[in-house]
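Descriptive analysis of the structure
The residues making up each chain are set out below.
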Amino acid sequence: MQESLESLVRLLESYRGRDKVIRTVCYGSQLVGGVLSRKAEADVSSQRLGKSLLLFSAQLSQCRTVLRLFDDLSMLAYSRSYGFGDGEEDRGVRWISVLTNVADQLYYPCEHIAWAADAELIKVKSDKWWLLSTVLWGTSLLLGILRSLRVLLLLKKKLKRCGRDGAGNSRSQLCRQMQGEVLSILSSMADLSNAIHWMPPGFLWAGRFPNWLVGLMGTISSLIGLIQMSAGDSDQTDST
């Protein structure tokens, strides 16, 4: 119990960890709130609790939007350090990653403008900026899926070579990497389904998701993110 509490505290002390926890609670609240709201006709108390959870989820989402006001520089630093991906072995992975970084970099100012417009800090219509930020987010997710698929293909080829050479440690490491890429694909697909839902009506299933389904997709993605973060911390601990 004490160890679990200490792990949670360490997670919340980091910006990245706190954001992932807030994201998980945000979508989890939307999932539960959406489910309870569907039972409104049968139970008034469930309706009240469901609405409260949905409002709570909206506030947490707004909190994350405000916190992202300060992410531009960290994203820029990452993009500059990655550059044109000269360290990547595969050209396809390199250029997909570069395009992903461009989409991510452009996403932040678009979202900032949309937020500022809603807060009436600037006199522009926020709709087109929210749409542009959603398009950039969806583009980044789609590119991330393509990158993971390409990496999986490369890892499978390496795994076959390891099978012939009989390198046990390398084989287990490659399997862990493949599992991580599969989780990344599932996470991005869940987020992409929500990104399409928030597009203008008429585009695929835009606007058709009920609150509970949006919450479910977001919760799946958030839990996978927490699992990957925990696995990454464990790998760093093992390597040290």
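The residue numbering used here restarts from 1 in each chain and proceeds along that chain's sequence as written. Confidence filtering applies because this is a predicted model: local features only for residues at pLDDT of at least 70, side-chain atom pairs given and counted only at 80 or more, and all residues used for totals across whole chains, interfaces and linings. Side-chain metrics in this entry use all non-hydrogen atoms of the structure; hydrogen atoms and water are not considered.

Per an unreviewed UniProt entry, the recorded name for the protein is Peroxisomal biogenesis factor 11 gamma, and the organism is Seriola lalandi dorsalis. UniProt positions are given in the numbering used here, feature names are shortened, and annotations may be inferred rather than shown by experiment. In UniProt, the protein has this text filed under Subcellular location (unreviewed entry): "Peroxisome membrane".

Only the stretch in contact is used when fitting a helix axis, every axis being a line fitted to C-alpha atoms; angles between N-to-C directions are given from 0 to 180 degrees. Put simply, DSSP marks the helices as runs of H or I at least four residues long and the strands as runs of E at least two long, and each gets a number from the N terminus on. The N-to-C vectors of helix 4 (residues 72-82) and helix 5 (residues 91-118) enclose an angle of 160°; their axes lie 10 Å apart at closest approach. In terms of orientation, helix 4 lies roughly antiparallel with respect to helix 5. Handedness of the helix 4/helix 5 crossing: left-handed. Residue-level contacts link D72, M75, L76, Y78, S79 and Y82 of helix 4 to V93, R94, S97, V98, N101, D104, Q105, Y108, P109 and H112 of helix 5. By residue class, the composition of the contact of helix 4 with helix 5 is eight nonpolar, five polar and three charged. Orientation categories follow fixed angle ranges, with anything under 35 degrees roughly parallel, anything over 145 roughly antiparallel, 65 to 115 roughly perpendicular, and all other angles oblique. In a left-handed crossing the near helix is turned counterclockwise from the far helix by less than a right angle, and in a right-handed crossing that turn is clockwise. We call two residues in contact whenever any of their non-hydrogen atoms come within 4.5 Å of each other. Residue polarity is assigned by list, with Asp, Glu, Lys and Arg as charged and Ala, Val, Leu, Ile, Met, Phe, Trp, Tyr, Cys and Pro as nonpolar; anything else, Gly included, falls into the polar class.

Next up on the list: helix 4. The buried label applies to any residue whose accessible area, calculated with a 1.4 Å probe on protein chains only, is under 20% of its type's maximum; exposed applies above 50%, and partly exposed to all values in between. Within the sequence span of helix 4, burial applies to D72, M75, S79 and Y82. Looking straight down helix 4, one finds that the buried residues subtend no more than 100° of arc, so they occupy a single side. Exposed side of helix 4, more than 90 degrees from the buried face: L73, R80 and S81 are the residues found there. Each element contacted by the buried residues of helix 4 is listed here: helix 5. Working note: the arc is built from the helix axis to C-beta atom directions.

With respect to the helices and strands, L143 occurs in helix 6 (residues 127-165). For the pair formed by L143 and I96, sequence separation is 47 residues and the distance between their alpha carbons is 6.3 Å. Dropping the residues within four chain positions of it, L143 is found in contact with I96, L99 and T100.

With that out of the way, let us pick up the side chain of S188. Within the element layout of this structure, S188 appears in helix 7 (residues 168-197). Setting aside its immediate chain neighbours within four residues, S188 contacts L141 and I145.

Here we come to the domain arrangement of the protein. Looking at the protein, the domain boundaries give domain 1 (1-69 + 210-235) and domain 2 (71-199). On a C-alpha basis, the centres of domain 1 and domain 2 stand 21 Å from each other. Domain 1 puts 18 residues into the contact, and the matching count from domain 2 is 20 residues. Interface area, domain 1 with domain 2, both sides summed: about 1,500 Å², of which 54% is carbon and sulfur. Here the bounds of each domain stem from an automatic or database domain assignment. Buried area is a sum: the accessible area each of two parts loses on coming together, probed at 1.4 Å, counted once for each and added.

Once that is clear, we can look at a nonpolar patch on the surface. Patch membership is restricted to residues that have no salt bridge and whose relative accessible area is over 30%. Joining uses 9 Å for like charges and 5 Å for the nonpolar side chains Val, Leu, Ile, Met, Phe, Trp and Tyr. Per-residue accessibility takes into account occlusion by the displayed protein chains alone, with areas from the Shrake-Rupley method and a 1.4 Å probe. Any carboxyl oxygen of Asp or Glu within 4 Å of a side-chain nitrogen of Lys or Arg constitutes a salt bridge here. A cluster of nonpolar side chains, contributed by L5, L8, V9 and L12, occupies part of the molecular surface with about 310 Å² of accessible area. Of note, L12 is situated in helix 1 (residues 2-13).

The positions UniProt marks with the feature "transmembrane region" (unreviewed entry) are residues 129-155 and 209-231. In this annotation, residues 129-155 is assigned 100% helix and 0% strand; the end-to-end C-alpha distance for the span is 38 Å. Segment residues 209-231 splits into 91% helix and 0% strand. End C-alpha atoms: 31 Å apart.

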